[in-house]
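# Breakdown of the fold
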Amino acid sequence: MGIRFVLLVNKQGQTRLAQYYEYLTLEERRALEGEIVRKCLTRTEQQCSFVEHRNYKVVYRRYASLFFLVGVDNEENELAVLEFIHLFVETMDRHFGNVAHFMLEEMVMNGCVVETSKSNILAPIQLMDKAA
């Protein structure tokens, strides 16, 4: 099957995104995420980015304050999964990098916060998306 799940987790261990490609109940997902997050976040940078957990091989990488964890079948190539993670991060950065810049411009002017309404901040970005 290949990829079984993708998790994005912050440094505090909170799941920010979870996508599963096999059926697990909500309780099974919570338990799995808790176990894997604890296992991966406690590892040092000197340790490799692959761990085995239950019937999964978990490949992970930290970018800034987010950990990208991908659970795969044991037969999957770890380096290929690391390349997949890197591609995912680069693609999001390319897409959201410009968006983040525009959001910041809407929120701050001359070093002062000028807008705190989420809808007002997102309105020009949504217009750009419609025009594209």
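Residues numbered from 1 in each chain as written. Predicted model: local features only at pLDDT ≥ 70, side-chain atom pairs only at ≥ 80, totals over all residues. Heavy atoms only, no water.

In the nomenclature of an unreviewed UniProt entry, the chain corresponds to AP complex subunit sigma from the organism Spirodela intermedia. The UniProt entry for the chain carries the following comment under Subcellular location (unreviewed entry): "Endomembrane system". On record in UniProt, under Sequence similarities (unreviewed entry), the comment for the chain is "Belongs to the adaptor complexes small subunit family." (UniProt positions renumbered as here; feature names shortened; annotations may be inferred.)

## Points about the packing of aromatic side chains
Under the definition given, this model contains five aromatic pairs. Measuring from ring centre to ring centre gives 5.7 Å for Tyr63 and Phe68, while their planes differ by 90°; the resulting arrangement is edge-to-face. Each ring, one from Phe68 and one from Phe88, has its centre 6.0 Å from the other, and the planes form 80°; the classification is edge-to-face. Residue Phe68 is found in strand β5 (residues 66-72), and its partner Phe88 is found in helix α2 (residues 78-107); the two are separated by 20 residues along the sequence. (Phe/Tyr/Trp six-rings, centres within 6.5 Å; stacked < 30°, edge-to-face > 60°. Helix = DSSP H or I, 4+ residues; strand = E, 2+ residues; numbered from the N terminus.)

## Some words on a nonpolar patch on the surface
Residues Leu104, Met107, Val108 and Val113 make up a contiguous nonpolar surface patch of about 340 Å² in total accessible area. With respect to the helices, strands and loops of the structure, Val113 is situated in strand β7 (residues 112-113). Owing to a relative accessible area of 61%, Val113 belongs among the exposed residues under this scheme. (Patch = residues over 30% accessible without salt bridge, like charges linked within 9 Å, V, L, I, M, F, W, Y side chains within 5 Å. Areas by Shrake-Rupley, 256 points an atom, 1.4 Å probe, with all protein chains shown as cover. Salt bridge = Lys/Arg side-chain N within 4 Å of Asp/Glu carboxyl O. Buried < 20%, exposed > 50% of the residue type's maximum accessible area, 1.4 Å probe, protein only.)

## Some points on the sheet that holds strand β2 (residues 15-20)
The five strands are arranged β2-β1-β5-β4-β3 in an open sheet whose pairing can be described as antiparallel. Whereas interior strands pair on both sides, the edge strands pair on one side only; in this sheet they are β2 and β3 (50-53). Mean inter-strand twist for the sheet, computed between neighbouring axes without regard to direction, equals 20°. Alignment of β3 against strand β4 (residues 56-63), held across four bridges, turns out to be antiparallel. Note that in β4 the partner of Glu52 across the bridge is Lys57. (Pairing = 2+ DSSP bridges. Axes fitted to C-alpha atoms, helices over the stretch in contact; angles between N-to-C directions.)

## Remarks on helix α3 (residues 118-131)
Taking 1.5 Å of rise per residue, 14 residues should cover 20 Å, and α3 covers 20 Å from first to last C-alpha, within 8% of that figure. A bend of about 30° at Pro124 is the largest found in α3. (Expected span 1.5 Å × (residues − 1). Bend = angle between axes of the 7 residues up to and from the residue.)

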